[in-house]
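Descriptive analysis of the structure
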Amino acid sequence: MNNSIPKVGFVSLGCPKATVDSEHILTRLRAEGYLISASYQDANLVVVNTCGFIDSAVEESLDAIGEALAENGKVIVTGCLGAKGDVVKQAHPRVLAVTGPHATDEVMEAVHLHLPKPHDPYTDLVPPQGIRLTPKHYAYLKISEGCNHRCTFCIIPSMRGDLVSRPVGDVMLEAENLVNAGVKELLVISQDTSAYGVDVKYRTGFWGGKPLRTRMTELAVALGTLGVWVRLHYVYPYPHVDEVIPLMAEGKILPYLDIPFQHANQRILKLMKRPGNSEGVLARIKQWREICPELTLRSTFIVGFPGETEEEFEELLDFIEEAQLDRVGAFAYSPVEGAVANDLPDHVPPEVQQERLARLMWLQEEISEERLKLKIGKTLTVLVDEVDEEGAIARSFADAPEIDGQVYINDGQHLKVGDLVKVVITDSDTHDLWGDLV
Ligand code: SF4
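Quick caveat: nothing in here was measured; it's all calculated off a predicted structure.

**Quick look at the overall build of the protein**
Within the protein one finds 12 helices and 20 strands. Computed over its C-alpha atoms, the radius of gyration of the protein comes to 23 Å, within 12% of the 22 Å expected for a compact globule of 438 residues. Dimensions of the protein, computed from the C-alpha atoms along their principal axes, are close to 60 × 55 × 50 Å. Counting all 438 residues of the protein, 55% fall into the buried class. Counting contacts in the protein only where the partners sit at least 6 residues apart, residues at least 24 apart contribute 72% of the total. Roughly 19,200 Å² of accessible area belongs to the protein as shown, and the carbon and sulfur atoms make up 53% of that amount. Here the protein contributes 41 positive and 65 negative side-chain charges, whose respective centroids are spaced 7 Å apart.

**A few points about the sheet that holds strand 18 (residues 407-409)**
As summarised here, the arrangement of the 5 strands in space is 16-17-18-20-19, forming a closed barrel in which the pairing is mixed. Strand-to-strand twist across the sheet, computed as the mean angle between neighbouring axes with direction ignored, equals 50°. One ladder, built from 3 bridges, connects strand 18 with strand 20 (residues 433-437); its direction is parallel. Looking across to strand 20, one finds that Val 407 is bridged to Leu 433.

**Focus on the pairing of strand 10 (residues 204-207)**
Of the strand pairs in this sheet, strand 10 and strand 11 (residues 210-213) are connected by 4 bridges, and their pairing is antiparallel. The partner of Trp 207 across the bridge, within strand 11, is Lys 210. If you look at the hairpin formed by strand 10 and strand 11, you'll find 2 residues sitting between the two strands, and Gly 208 has a positive phi there, around 60°.

**Considerations on the packing of aromatic side chains**
All told, the structure shown has 6 aromatic pairs when counted by the stated rule. Where Phe 261 meets Phe 319, the ring centres are 6.0 Å apart and the plane angle is 80°; that geometry is what we call edge-to-face. With Phe 261 in the loop between strand 13 (256-258) and helix 9 (266-272) and Phe 319 in helix 11 (residues 310-323), this pair connects stretches of sequence that are 58 residues apart. Phe 319 shares its class with Phe 261; the two are buried. Ring geometry for Phe 301 and Phe 319: centres 6.2 Å apart, planes at 65°, overall edge-to-face. Here Phe 301 is found in strand 14 (residues 296-303), whereas its partner Phe 319 is found in helix 11, with 18 residues between them in sequence. By the ring-pair criterion, three or more aromatic residues cluster together here, those being Phe 261, Phe 301 and Phe 319. If you follow Arg 215 out to its NZ or CZ, it ends over the ring of Tyr 202, 5.6 Å from the centre.

**Remarks on the packing of helix 11 against helix 12 (residues 350-373)**
The axes of two packed helices give the description: the angle between them and the distance between them. Packing of helix 11 against helix 12 leaves a shortest axis separation of 10 Å and a crossing angle of 15°. Accordingly, the angle class assigned to the pair helix 11 and helix 12 is roughly parallel. Note that helix 11 runs across helix 12; the crossing there is right-handed. Contacts from Glu 310, Phe 313, Glu 314, Leu 316, Leu 317, Ile 320 and Glu 321 in helix 11 reach Arg 356, Arg 359, Leu 360, Leu 363, Gln 364 and Ile 367 in helix 12. Of the residues assigned to the contact of helix 11 with helix 12, the class counts are 7 nonpolar, 1 polar and 5 charged.

**Some words on a negative patch on the surface**
There is a patch of like negative charges on the surface, built from Glu 279, Glu 315, Asp 318, Glu 321, Glu 322, Glu 365, Glu 366 and Glu 369. Taken together, the elements giving at least two residues each to the negative patch come down to helix 11 and helix 12. Take the negative patch: its biggest share by element is 4 residues, from helix 11.

**As for unusual backbone geometry**
Within the chain, His 102 stands out as a residue other than glycine whose phi angle is a positive 55°. Despite not being glycine, Lys 273 shows a phi value in the positive range, around 60°. For Lys 273, the location among the structural elements is in the loop between helix 9 and helix 10 (278-291). Owing to a relative accessible area of 53%, Lys 273 belongs among the exposed residues under this scheme.

**Considering the side chain of Thr 104**
Mapping Thr 104 onto the fold places it in helix 4 (residues 104-114). Among all residues touching Thr 104, those that are not within four sequence positions of it are His 24, Ile 25 and Arg 28.

**Some remarks on helix 4**
Every α-helix carries 3.6 residues per turn, so stepping three or four residues along brings you back to the same face. Inspection of helix 4 places Thr 104, Val 107, Met 108, Ala 110 and Val 111 among the buried residues, and these make up the whole buried set. For helix 4, the angular spread of the buried residues around the axis is 160°, confining them to a single face. Residues of helix 4 that are exposed and point more than 90 degrees away from the buried face comprise Glu 109 and Leu 113. On the buried face of helix 4, the contacting elements are helix 1 (16-31), strand 3 (45-50), strand 4 (75-79) and strand 5 (97-98).

**Examining the pattern of salt bridges**
As enumerated under the stated definition, the model contains 27 salt bridges in all. A single network of salt bridges, built from pairs that share partners, joins Glu 308, Glu 310, Glu 314, Glu 355, Arg 356 and Arg 359.

**Examining helix 2 (residues 55-71)**
Its 17 residues place the ends of helix 2 24 Å apart at the C-alpha level, agreeing with the 24 Å of an ideal helix rising 1.5 Å per residue. Burial in helix 2 covers these residues: Ala 57, Val 58, Ser 61, Leu 62, Ala 64, Ile 65, Ala 68 and Leu 69. Each buried residue of helix 2 sits inside an arc of 155° when the element is viewed along its axis, so together they form one side. In helix 2, those exposed residues whose orientation departs by more than 90 degrees from the buried face are Glu 59, Asp 63 and Ala 70.

Rules and cut-offs
Residues numbered from 1 in each chain as written. Predicted model: local features only at pLDDT ≥ 70, side-chain atom pairs only at ≥ 80, totals over all residues. Heavy atoms only, no water. Helix = DSSP H or I, 4+ residues; strand = E, 2+ residues; numbered from the N terminus. Rg over C-alpha atoms; globule rule 2.2 N^0.38 Å. Buried < 20%, exposed > 50% of the residue type's maximum accessible area, 1.4 Å probe, protein only. Contact = heavy atoms within 4.5 Å. Areas by Shrake-Rupley, 256 points an atom, 1.4 Å probe, with all protein chains shown as cover. Lys, Arg positive; Asp, Glu negative; His and termini not counted. Charge placed at Lys NZ, Arg CZ, Asp CG, Glu CD. Pairing = 2+ DSSP bridges. Axes fitted to C-alpha atoms, helices over the stretch in contact; angles between N-to-C directions. Phe/Tyr/Trp six-rings, centres within 6.5 Å; stacked < 30°, edge-to-face > 60°. Lys NZ or Arg CZ within 6 Å of the ring centre and 35° of its normal. Parallel < 35°, antiparallel > 145°, perpendicular 65-115°, else oblique. Left-handed = near helix turned anticlockwise from the far one by under 90°. Nonpolar A, V, L, I, M, F, W, Y, C, P; charged D, E, K, R; others polar. Patch = residues over 30% accessible without salt bridge, like charges linked within 9 Å, V, L, I, M, F, W, Y side chains within 5 Å. Salt bridge = Lys/Arg side-chain N within 4 Å of Asp/Glu carboxyl O. Arc of directions from axis to C-beta. Expected span 1.5 Å × (residues − 1).

Written as structure tokens, this is what we have:
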């Protein structure tokens, strides 16, 4: 190993959005000729990308910074925790620099200051799709930063600021590079995917010499022409979400919608500063399924929000029963430092929160089990994530990586990661499916 080339260690914590930030920083580091070190001892400096969303994430991030300081000593901190005032500097005064999220330029400035750039940049060693932390066959595509909403349980807007959409031409170029590099699935992420372009008044950009509006539907249409799976995440339930359902029915993008409803009771939604009423939402779901019967819906809910009564919680259960969502993530409300909802009266005792969470998950497990049973006998196209001597583990259009279920292919030992194959489903349980190659 050439000892004269500066080496940077990298610790990446947090959500997919933070992962994308890490990928951008790693790409810049490699583009400028730095090496990425796999150990603290071998690195000349360490960058820690932190998460500050909930208290446990803050702790994990502070521990990671502490470890990097102890093992290496030269540490630059970036990410959501960096945006939270003096938290980092107070806990670890020895860190060299602290930036917020989405701050590649500032991180690079700090790196240059403490570990000068090598003279002979190896720019040509960096592939055009950049350096990615996800496996080669799928990639997250971040389309915007920040959020214009002010949900009372969330501090993301105060950390990441208002919505800033990436130029649509840049997003499409990145998507094309990823596809050219072998990516089979693009996962579109942001804080609020359906708001894409609001900040730039849906400005018309350019892609491949043709005009293209900075807007979710138009972006979905364009991504749908790339010939890979396109999955939409974090879609806030605006009315124009209805526009992407026909694209799903036509097979242009995956019939999958990750749409956080958070609750069903009108009063609680209002306290959360979230839109919608359960009847309207149920009617829309019905309509969506009429247009696209295969549609898989994933949503998240918060139980035990301050002031939530037993009746209001039961209304949420009724909604879940009626909506028959495919995938549900649920969380007991936990007070995040700085969130407006903390000041609301009548916090629900933790034991009641946990009991409600268990009831909701129990109901959803029953629904999920029933819905997965309906897939037995069907033939699905799946994307292979892992292969071992017992077979292959894959996902169908209904499964986002890491958060949803999997499809186990009993006779898939000879497959390769990234293969798209057809499988007939033979068995199911609460979250996963089993099948044989067709
Ligand atoms: S829409 Fe999402 S990111 Fe924006 S404030 Fe609400 S929960 Fe936070």
